[in-house]
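Secondary and tertiary structure notes
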Amino acid sequence: MSLKKTVGLKTILTALLISFMSMLLLGVIMNAAYTHTSLGYDLLKINTISTQSANAVTSVVTYFRGLDTLGEVTILFLSIFGIGIGIERSDRMKTILGYDSTLLKIGTKVLFPLIVLFGLYIIAHGHLSPGGGFQGGVIIASGFLLMFLAYGDSYDLDHKVLSLFEALSGAGFILVGILAALAGGAFLGNMLPLGVLGKLFSSGILPIIYIFVGLKVAAEITVLVEYFIRTQDARDA
Amino acid sequence: MLETLNQTTFLHTVVAIGSFTIFTIGLVGVLSKKNLFKIFLSLSIVESSLFLFFIGSHFEVGKAAPIVADGIKLFDGHMVDPVPQAMILTTIVIGVAVLALSLTFVVNYYRLSGNIDIDKMDELGEVQ
Amino acid sequence: MSLVYFIAIPILASFLTPFYKNYLRFVSVLVNILLAGFAAFFYSRLPLNEFISLDSPLSIIFILDYVSFFFVSLFIGVMLFFSLYSIKEKNNTAVFVVTNIFTSGALGLILSADIFNIYIFFEIASISAYILTGLNRDKVAYSGAIKYMIVGAVASIFLLLGIMLMYLNLGYLTLSSIGAGFHTMDKGIQYLVLLSLFIGFGIKTEILPLNFWVADIYQATPTKIAALFSAVLSKAYLFVFFHILYTLKVDAPALLFLTAIGLLSFAVAELSALRSKDVKRIFAYSTLGQLGVLFLALSSANVVVVSGALFLILVHSISKLMLFFSLDLVEKKMHSTRVEAFAGFRSAFLFTIFAIGFLSLLGIPPFAGFIAKLTILKGFASMGAYGIVGAILAISLVEATYFFRLLSANQRSKKTAEIKVPLLQKIMLSLLALAILYLGLFPQGLLDFCTDAAQTLIQGVIHV
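Residues numbered from 1 in each chain as written. Chains lettered and ligands numbered in written order. Predicted model: local features only at pLDDT ≥ 70, side-chain atom pairs only at ≥ 80, totals over all residues.

Looking at the overall build of chain B
To be explicit about the condition: What counts as a helix is a DSSP run of H or I of at least four residues, what counts as a strand is a run of E of at least two, and both are numbered from the N terminus. Each radius of gyration reported is based on C-alpha atoms, and the globular scaling rule is 2.2 Å times the count of residues to the power 0.38. Burial in this document is a count-based property: other C-beta atoms within 10 Å of a residue's C-beta are tallied, and the residue is buried at 20 or more, exposed at 12 or fewer, or partly exposed in between, with C-beta positions derived from the backbone. Note that contacts rest on C-beta atoms placed from the backbone: two residues are in contact if these are within 7 Å.
Scanning chain B for helices and strands turns up 4 helices and 0 strands. Secondary structure of chain B in N-to-C order comes out as α-α-α-α. Here chain B has a C-alpha radius of gyration of 21 Å; the compact-globule value for 128 residues is 14 Å, and the former is much larger. By its C-alpha atoms, chain B is 70 × 35 × 25 Å across when sized along the principal axes. Here chain B holds 128 residues, and the buried ones make up 41% of them. Nonlocal contacts in chain B, meaning residues at least 24 apart in sequence, comprise 55% of its contacts between residues at least 6 apart.

Some details on the overall build of chain A
Broken down by element type, chain A carries 9 helices and 0 strands. Counting helices and strands in the order they occur from the N terminus, chain A gives α-α-α-α-α-α-α-α-α. Counting across all 237 residues of chain A, residues that qualify as buried make up 44%.

A closer look at the interface of chain A and chain C
The condition is simple: Any residue outside Ala, Val, Leu, Ile, Met, Phe, Trp, Tyr, Cys, Pro, Asp, Glu, Lys and Arg is labelled polar, Gly included; the first ten of those are nonpolar and the last four are charged.
Contact with chain A, which involves 42 residues of that partner, is made by 42 residues of chain C. When contributions to the side of chain A that touches chain C are tallied by element, the ones reaching two or more residues are α2 (9-31), α3 (39-50), α4 (56-64), α5 (66-86) and α8 (159-182) of chain A. Top contributing element to the side of chain A that touches chain C by residue count: α5(A), with 14 residues. Across the side of chain A that touches chain C, the residue classes break down as 23 nonpolar, 15 polar and 4 charged.

Some words on helix α1 (residues 5-15) of chain C
The buried fraction of α1(C) amounts to 10 of the 11 residues, a majority that puts the element mostly inside the structure. Buried residues of α1(C): C:Phe6, C:Ile7, C:Ala8, C:Ile9, C:Pro10, C:Ile11, C:Leu12, C:Ala13, C:Ser14 and C:Phe15, and no others. Tucked inside the fold, the buried residues of α1(C) contact α5 and α8 of chain A together with α2 (24-43), α3 (66-85) and α4 (93-111) of chain C.

Points about the packing of helix α13 (residues 303-334) of chain C against helix α19 (residues 444-459) of chain C
Residue and element names in this part refer to chain C. As a reminder of what qualifies: Helix axes are fitted only over the stretch in contact, all axes being lines through C-alpha atoms; the angle between N-to-C directions runs from 0 to 180 degrees. The sense of a crossing depends on the near helix, which, turned anticlockwise from the far helix by less than a right angle, makes the crossing left-handed and, turned clockwise, makes it right-handed.
Running from amino to carboxyl end, α13 crosses α19 at an angle of 115°, the nearest separation of the two axes being 8 Å. Our pair here, α13 against α19, has a crossing hand that is right-handed. On α19, the residues that touch Val303, Val306, Ser307, Leu310 and Phe311 of α13 are Leu446, Leu447, Cys450, Thr451, Ala453, Ala454, Gln455, Leu457 and Ile458.

Structure follows, in structure tokens:
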């Protein structure tokens, strides 16, 4: 088979045109001088006095730019809500991936609590070490994915509890922000004592926000995983 | 020889060239592929190339992650800028959410119409 | 009181949906009334700005000045109207979950003065729009949503590229610091940033080379939601784009380029509407045409023209709400939005509403559209740009042609169905018609406010 048949002239022309434009773009970008004074360095300087968090990325995500994180959580909620509208829950739904193995089932039962515990650990230590709400939340959701894979249709998730978690963790984030504003500070401002850098109970409001974010992400991704794994296969519709 | 390879400007050049190569690959995919899945995955590739470029451009030789641990006791100029990392963390989550939503739309569309080719999407347009 | 309540409260209402599943429509009305109360509270305290989380310029900044107050109150008004109008729809919880978040996305776009925060709200508003497009869950809706997501993803990629370049070269994210540092950047980077912003916002503001998708999306969307896209979404992006441009203090040639694009967009959209046979698409093209006029007027950097443009934004939002909502009633009865279906309905009330909407969009006295167009034309005449005045008037004739063709088609053809408009809908639509008439007869108070707003817009963000 010749190259022309597999790729096609139009594709090659598009590729050439885009490569040319990307090269122009690259030329402009590499010609410029990057700045060395920036918002990030200013925030690093005030990080110790204003948050006492050992992880500066966490302080930026949950405190200095907390509103971005609120928007991000909202986007996660919104798109999973949109996915839920599209995928109807019906009796005909079944797990499309599943392995029937006793060994797997028993092993999963041992592993599942450990995975959830590890996820909670990552969430709770977000202000001390690498990690945090998003990472920990996804780890918890991966535990649920394991359960779906091992148990298939026989694993029953309590949707009431799940949606309660989803609602309350998202609302908790916003309510913490509103409480801070009502207490006289700024929205999402700090109203708690900062403590000592490096201790688990330190950094004021940061771990609380990250716990809410972590629970929200865990709930949302679990819902997503369930939608995707318990949907009908598109081919036999 | 190895000294020059370990310089910040050199590494920035490598990152810029590499990420814009990925950028090109993604855009070519968007414009030349007909399969809706491949189009959305190409868009996701373009997005990832931007993340790579932005994070890579803020890497500097000899600077640590902005976390106090392992002998680093102070937040100062010996750490890299934390804001880009936070920004990319945010955009990655947004990217995942949008990708999941778009692929769901594609699956639902395929279920209803049996078509996954962008050129054959003729439901919309001027009535005859 | 915090400005963030404008964003936090609608999101909170959506998050807590499981607690009042079937009563969300009432909650949405309450939320919108609450937001209107906040707006009234802040009116006497204009202009003000607020730092979020950290009391220092290093954190995210929200600004509520005259022009953002104009947009905030307009959007809250539209959303309140929407939620009251659909208060009787029982099985429609999904719509309200999404429209609440849509409200906060649009308000966040207006209020935020931090470029990365603007990106977040840009995404929130876009994603809610994608979901609203796919709401009908048939293959037409999904094909529209897929198209929308592809162009939307391209827009957000380019916007992100622009933001990243600005952060790499300037190191700060607030609009005021970007405005101060923009001209110290490398020339090539400046053009690249402007180009990415133009592609990113140009797609969303539905401007000429980037608006090939709009009519399809409006056709796929439920008719009432299309009204929201026309009245809220495109206006929010339009405001943010010009807010950033005036803050960056771009050169005159760039503004001239935008003026030309706007004029071309106006002409092409009205000509496309002329040969369209679907009323929903005609309204979509008419929206595109009006957005072209707004682009043209907002890029003039002249206080009179810009104040006229702001007035036109208000009038256009009200008129398009009327037109799309009435079309929704027609569609429900006739099961189609084609011109033949439109010609076949009989209802004196709806006919009057359509006529008022059309006349106002055309700029015929005594309706409010006349004042808006007059102000814009007066401003251009005072600038000496008589060519633009002539062009706008000539293209408006095309607009008049298809509007009158629609009305006369309905007058002449044989009626097949009588439409009974429910009382609530009748009252709401009459209120809009009265608002247009009132603004046409007594425009002075609003015009004065628009002049203040135009001055703040042209000045750009300078404080801090």
